[in-house]
Amino acid sequence: MDRSLTQPAFLSLKTPPNRGNLHKRLIMKKLLFISILFFCVTLVNAQGLIKGVVKDARTSETLISASIMYGENKGVVTDINGKFSMSVPNGEYKLTVSYVGYKSVIRNVSVSNNTQNLVINLQPEILDEVTLVADIAQERKTPVAFTSITPKKITEELGGRDLPLVLNQTPGVYATQSGGGDGDARINIRGFKQENMAVLIDGIPVNDMENGAVYWSNWFGLDIVTKRMQVQRGLSASKLSIPSVGGTINILTNDTESKKYLKVRQAFNQWGKSTTNIGYNSGMSEKGWNFTGAFSYKKGENYTDNSGVEGFFAYAKGTKKWDNHILSLSGFIAPQEHAQRSSQQRILAYDSEYAHEQGIDTSKYLSVQPVNLGRAYNRDWGYIKRSRYNNFVDKEALTVRKNFYMKPQLNLNHTYLVNDDLVINNALYLSIGKGGGTNINSTVGAKYYDENGLIDLQPFYDQNARNPIEKTGNLHKSNTFLIANHNEHVWGGLLSKVDYQMNDAWNLSGGLDLRTYEGKHFKTVHDLLGGDYVSDPNQKDVLVKEGDTLDFNNSVFVNWAGLFGQAEYTEGALSGFLNLSVSNISFRKEDYYSNEESETKNKIGFTVKTGANYNLDENSNIFVNVGYLNKARPSKFIFNGYTTDFRAHTDNEVVTAAELGYHFGSSKFTIDANAYYTLWNGKPVNNIKVPGEDNIFFVLPGLDARHMGVEIDGVYKITPKVDLQGTVSIGDWVWTSKNVGIEVYNQQTGVTESSDQTFSFDGVHVGDAPQTQLGASLNVKPIKGAYVRLKYGYNARYFSDYNPEPTADNLGDNYKPIEPWRIPDYGRFDLFLGYNFKIKKHKVAWQFSLFNVLDTKYISDARNNARYMIDGQINNNDAASASVFFGAGRNLSTSIKITL
């Protein structure tokens, strides 16, 4: 019998059917899986790395967010250091590198299990003549500490404020809105006030020729045409013979662009100020013509009481390019009028609870002045009813402190590219300033303030209009009235510069800086408050009416001639420079009341600066710079007050500075650290009125100070959509003068006499800015086109502002260093949101800013031992005797921009 037919297969067979074949198949599958895995691993490993940096071909400045594409929708963008890195499979690639405003570049790259390091230089589509004349520091090349501010940052963070406020959290920088008036901002760098730094617009110096001051209200609207703002701290990289001690702020306006656009932006703040901006660019025509223009109008209130503003800004620039020439004519005008808060007050006037926390016995002052009026309190206004001719008129709000000014400026710029190595640039400019500020003509005592802390103007009006002390015919004499102090000027200049690339290593540049200036100062009657005329002791038997001049009328003439030259060396990892400049400044003054004219005084100054940078590797570099600055004093320290008399001491100031810095930058992390040391000898100070004496002043020849510190700022890119920024600034700024001789000046006789008194001010901290600053910023891009930014700034070791002056504690040998009042430390949060999207082909950008998110109470500005509070002076160097401005509480602004 065949058993195979009667028994189960598994009982009749030793091996299951086809088992050998199954085993073979399993082995084959394993081998196939291993082969595929090996192939995949090999494929992954068969790739290379392409990395590099993208730069501006002319300036060597790295370009952020430049696009590097190696295929359709395949590529990366450069990081905050202009660097990029991408892993790609082995093969041949055509990289397309592009950036807005620059000519695209195609690079052929071969990858075969290796790393390709590229340096890609992009040429601007249209040559920017502004950059050629301006001195812009370059990363990993220029040996100075600097921070560049992009238009994007200005748009996202300015929030309708004055331009300097966007610089807060820049290392070593402190900016405030001061009294809160629109355009009244101030800025301090490394403990130096803004009159001791240089501000350049398109390479043209704009500091006041007499006192070095910068009035930001004159530049309203500049933010809408700013393409880049760079802050160079210390003696800076500027080639000009400018008297910069604390630093240089270089503002570059829009250059010619090939792309046509029309932009409209509308912004509001929470107090009702509205700002409308319009920008237009024609694009570059085939024949080399380009036109760009901007217009801005603002009107409304700011955070302080009765701080209204109205003004407009207009900017236009026409450019013609032909052969090797570029000719441009640009101009802007910004007439404006804004109310001011010029009078600081005691802490308790704003907030009695905060005053109590500072140890002030508030009960001592309750009978002297109104208290607890809020952080926005402004005492420089009141209500008045002009009822001299009509008893039924309504009362009006009248501001006694108002600024009105218009400062148009014209620039004519010609650039000639002789060849690839030689460039000649000439810039002619003209500025005509006209305006001033109002004030009340006499000190207003406490009894003239009502329960709301406002000036009670009605008694002054009634006295002038109805009960005059004197009458001339039917004319009533005003005893209290408003005056306007005018500061007008005509300022022209020529800035000529030659730049020669001698060879691959050496670049030589130099030029001429010529300026001529007339500043006219006079006082007029602004508002007679119900009367018809006033008397002027300088014009006997003359009835002075509204608009007429009184008290003083003079002109200061300043002429400036400067030469500058610089040699730059770049070879491999090493770069350096040597800068020499010399200037002659002449001062002359005419008094139109006394018909007196001063002689012409010439002051020669010079600058020597040198520095070097060494790139340690592709990520890090170190730099060092030293400088010596011998500079003439501003004219306010050349003449005695409004007279034509020269001051007894007009010696030049001498500044010696040194700085050491380090930079590290990668795709994930960037840090900059630097240390500085500055000695300032012979810093001029104002004459100080001798207590209890009329027309008698102490005169100090000049004081010495030392400013030193460290600054650190860095960025860590946590993810492609999240980064964290931080800054640390720690300064030690003190006066160092010992046993300085004192003289006495009699303003009536014009005589200055020596005295046997000496004055010391050694070891006392410099005031007006925090000496310790910490900052942090968290930036998140939650979705495409959107951003969220939370910023925190902390300020400490902030001493109130003051003038060093002789007192019983610092005269002679019994010197006791007494510090000015230290303002309470404070920190505050700011929040910025935005979203960019498209409607059809039109770009739309929305921004929202929330300042002081937690509504922190803090003092932004303070004056030690203030003389001008409504009940006089108390010299205790404490919170009770200081006058202050509080910073704004929580506030917001928002805007929307459409690009057509």
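Structure: above.
(A) Summary view of the sheet that holds strand β13 (residues 204–205). Here five strands make up an open sheet; going across it, the order is β8-β14-β15-β12-β13 and the pairing mixed. At either margin of the open sheet sits one strand with a lone partner, and together these are β8 (145–149) and β13. Of the pairings in the sheet, the one linking strand β12 (residues 198–201) to β13 comprises two bridges and is antiparallel in character. Paired with Leu 200 across the bridge in β13 is Pro 205.

(B) Just the nonpolar core, in detail. Membership of the largest hydrophobic core comes to 55 residues, with the highest contact counts inside it found for Ile 347, Ile 360, Leu 457, Trp 821, Ile 859 and Val 884. Ignoring any residue separated from it by four or fewer positions in sequence, one finds Ile 347 in contact with Tyr 354, Ala 355, Gln 358, Ile 360, Trp 821, Ile 859, Ala 879, Ala 882, Val 884 and Phe 886. Core analysis: the second largest hydrophobic core is formed by 31 residues, Ile 149, Leu 158, Met 229 and Ala 294 among them.

(C) Focus on the sheet that holds strand β1 (residues 47–56). One open sheet accounts for three strands, arranged β4-β1-β7; its pairing is mixed. At either margin of the open sheet sits one strand with a lone partner, and together these are β4 (83–89) and β7 (115–122). Between one strand axis and the next, the sheet turns by 25° as a mean value, whatever way the strands run. For β1 and β4, the ladder comprises seven bridges, and the chain directions are antiparallel. Within β4, the residue paired with Leu 49 across the bridge is Ser 87.

(D) Representation of helix α7 (residues 458–465) in the model. Listing the buried residues of α7 in full gives Gln 458, Phe 460, Tyr 461, Asn 464 and Ala 465. With its buried residues spanning 160° around the axis, α7 presents them on a single face. Buried residues along α7 sit in contact with β22 (381–384), β27 (455–456) and β29 (475–476).

(E) Up close: the pattern of salt bridges. Summed over the entire model, instances satisfying the criterion amount to 31 salt bridges. In this structure, the salt-bridge partner of Lys 152 is Glu 156, at a minimum N-O distance of 3.0 Å. One end of the pair, Lys 152, and the other, Glu 156, are both in helix α4 (residues 151–157), four residues apart, so they sit about a helical turn from each other. The class of Glu 156 is buried, set by a relative accessible area of 5%. A salt bridge links Glu 396 to Arg 386; its shortest N-O distance comes to 3.2 Å. Highlighted residues: Glu 396 in strand β23 (residues 396–399) and Arg 386 in the loop between β22 and β23, separated in sequence by ten residues. A network of salt bridges, in which partner residues are shared, links Lys 152, Lys 153, Glu 156, Glu 157, Arg 789 and Lys 791.

Each value, and the rule that gives it
Residues numbered from 1 in each chain as written. Predicted model: local features only at pLDDT ≥ 70, side-chain atom pairs only at ≥ 80, totals over all residues. Heavy atoms only, no water. Pairing = 2+ DSSP bridges. Helix = DSSP H or I, 4+ residues; strand = E, 2+ residues; numbered from the N terminus. Core = buried A, V, L, I, M, F, W, Y, C linked by side-chain atoms within 4.5 Å. Buried < 20%, exposed > 50% of the residue type's maximum accessible area, 1.4 Å probe, protein only. Contact = heavy atoms within 4.5 Å. Axes fitted to C-alpha atoms, helices over the stretch in contact; angles between N-to-C directions. Arc of directions from axis to C-beta. Salt bridge = Lys/Arg side-chain N within 4 Å of Asp/Glu carboxyl O.

Keep in mind that these numbers describe shape and distance, not what the molecule does.
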